[in-house]
Structure formats: structure tokens, C-alpha cells
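# Remarks on the overall topology
This is what each chain is made of:
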Amino acid sequence: MEQTFIMIKPDGVQRGLVGEIIGRFEKKGFSLKGLKLINVDRPFAEKHYADLSAKPFFSGLVDYIISGPVVAMVWEGKNVVTTGRKIIGATNPAESAPGTIRGDYAIDIGRNVIHGSDSVESARKEIALWFPEGIVQWQSSVHPWIYE
Ligand code: DAT
Ligand code: MG
């Protein structure tokens, strides 16, 4: 089954949005397979956002991600990468639809509350980076009530 890496950024943690965000993924029917609250250091944040290292906003983005604890998660389910991005909403909250996490809880692009992997391949890399210890092996007993 497909997995994605979701991270609640420092603003989401500080603003008390952790429960709300987890609830949206849970209520959709996805399964939580990994979860931790952590502070990341600069080299780690630079590695996570390595693809964006040439962008003018890169250092500000890294400063933001290391400014407080983040909630790192692995969620599993059918099409969870694409559907997870839809639940999150467009990168710039000014363009995120109401009903999405960024559309409901964010205003500025540099404080957009949450990260989600943009492809199955990035999800694989990000899960390996953030969860080197591995994730939790378990199967939800409601699976037949969510999948036909
Ligand atoms: P996403 O987080 O939607 O996958 P991304 O991977 O292109 O977006 O960029 C990572 C983060 O960098 C994004 O969540 C917010 C920040 N960012 C992206 N584009 C930006 C821009 N033009 N100005 C400032 N910050 C930006
Ligand atoms: Mg991205």
C-alpha cells in the first residue's frame, strides 16, 4: 500500500493545529504508520529541502523549519500521496481552496503549516530520511469498511 511523508511545520505545532490536522487524515480513512515530535537541525532541514537549495527563499525556509518542533508522520492508503496533497492544498495559501488545510489555516506561503510528499518517489526518500529507525507495522481492523 502507498505511503506518504507528512510534516506539521513549527507554526502548525505552535498554533495548536496538530490534533485537527491528524484528524483530517484519520477521518479520511488513511492509516498512521509513524509519528514523532522532533526538532531538526539546519543540515537535516537542508537535506529535506535539498531540491530547493538554489531558490532565493531557501535559507528563510530552513530557518522556519528549524524554528521549533515539527510533527513527522507516515500515512498509508490508496493514492495517499496525491490525495494527501489535495487535503493539504496549494503551496501558496492565497491560492489554497477553502476546506484544505492551508486554505483553512494559513495566509502566507512562508507559514503554510504543513508539508506533504509530492510523489511516491519523494515519499520513499523522505520516509527513509525522517524515519531511519523504521515505521510501525500494524493493520487497521476497519480496512474492509474503507476499501471495497
Ligand atoms: P510544497 O510544500 O507545496 O510541496 P514546494 O516543495 O515547492 O511546495 O516548496 C517547499 C516550501 O517552500 C513551501 O511549502 C513553501 C516554501 N516556498 C515555496 N515556494 C516559495 C516561494 N515562491 N516563496 C517563498 N516560499 C516558498
Ligand atoms: Mg514540496
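For the structure given in this document, a descriptive report is provided here. Predicted model, so just to flag it, every value in this text is computed and none were measured.

A few words on the overall build of the chain. On a plain count of helices and strands, the chain comes out with eight helices and four strands. Along the chain, helices and strands appear, N-terminal first, in the series β-α-α-β-α-α-β-α-α-β-α-α. Here the C-alpha atoms of the chain give a radius of gyration of 15 Å, agreeing with the 15 Å that 2.2 N^0.38 yields for 148 residues. Put simply, the chain has 148 residues, and 45% of those count as buried. Intrachain contacts of the chain at a sequence separation of at least 6 include 78% that bridge at least 24 residues.

Further remarks concern the site of ligand 1. What surrounds ligand 1 is the set Lys9, Tyr49, Leu52, Phe57, Leu61, Arg85, Thr91, Arg102, Ile109 and Asn112. Between ligand 1 and threonine 91, the relevant distance is 2.5 Å, taken from an oxygen atom to a side-chain nitrogen or oxygen of the residue. For ligand 1, an oxygen atom lies 3.1 Å from a polar atom in the side chain of arginine 102. When ligand 1 is considered free in solution it has 510 Å² of accessible area, and contact with the protein chains removes 72% of it. Across the shell around ligand 1, the residue classes break down as five nonpolar, two polar and three charged.

This next bit is on the environment of threonine 100. The topology assignment puts threonine 100 in the loop between α5 (80-88) and α6 (101-105). Judged by its relative accessible area of 10%, threonine 100 is buried. Along the primary structure threonine 100 and lysine 86 are separated by 14 residues, whereas in three dimensions their C-alpha atoms are 7.1 Å apart. Residues contacting threonine 100, with those up to four places away along its chain left out, are Arg24, Lys86, Ile87, Ile88 and Gly89.

Next up on the list: the nonpolar core. Membership of the largest hydrophobic core comes to 18 residues, with the highest contact counts inside it found for Phe5, Met7, Val40, Tyr49, Ile65, Trp130 and Phe131. Listing elements by their share of this core, those giving two or more residues are β1 (3-8), α3 (42-48), α4 (58-65), β3 (70-76) and α7 (120-130). Broken down by element, the residue count for this core peaks at five residues, all from α4. When neighbours within four sequence positions are excluded, methionine 7 is seen to be in contact with His48, Tyr49, Ile65, Val70, Val71, Val113, Ile114, His115 and Trp130. With 17 residues, the next largest nonpolar core counts Ile6, Ile21, Phe25 and Val113 among its residues.

Taken together, Val142, Trp145 and Ile146 make up a surface patch of nonpolar side chains, about 370 Å² in accessible area. Relative to the assigned elements, tryptophan 145 resides in helix α8 (residues 143-146).

Another point: unusual backbone geometry. Glycine aside, negative phi is the norm for most residues, and most peptide bonds take the trans geometry. If you check the backbone angles, asparagine 79 has positive phi at about 55 degrees while not being a glycine. One non-glycine residue, valine 113, lies in positive phi territory at about 70 degrees. Looking at the element boundaries, valine 113 is found in the loop between α6 and β4 (114-116).

Parameters at a glance
Residues numbered from 1 in each chain as written. Chains lettered and ligands numbered in written order. Predicted model: local features only at pLDDT ≥ 70, side-chain atom pairs only at ≥ 80, totals over all residues. Heavy atoms only, no water. Helix = DSSP H or I, 4+ residues; strand = E, 2+ residues; numbered from the N terminus. Rg over C-alpha atoms; globule rule 2.2 N^0.38 Å. Buried < 20%, exposed > 50% of the residue type's maximum accessible area, 1.4 Å probe, protein only. Contact = heavy atoms within 4.5 Å. Near = heavy atom within 4 Å. Polar contact = N/O pair within 3.5 Å; in protein donor to acceptor, adjacent residues only side chain to side chain. Areas by Shrake-Rupley, 256 points an atom, 1.4 Å probe, with all protein chains shown as cover. Nonpolar A, V, L, I, M, F, W, Y, C, P; charged D, E, K, R; others polar. Core = buried A, V, L, I, M, F, W, Y, C linked by side-chain atoms within 4.5 Å. Patch = residues over 30% accessible without salt bridge, like charges linked within 9 Å, V, L, I, M, F, W, Y side chains within 5 Å. Salt bridge = Lys/Arg side-chain N within 4 Å of Asp/Glu carboxyl O.

Nothing here speaks to function; it is all geometry.
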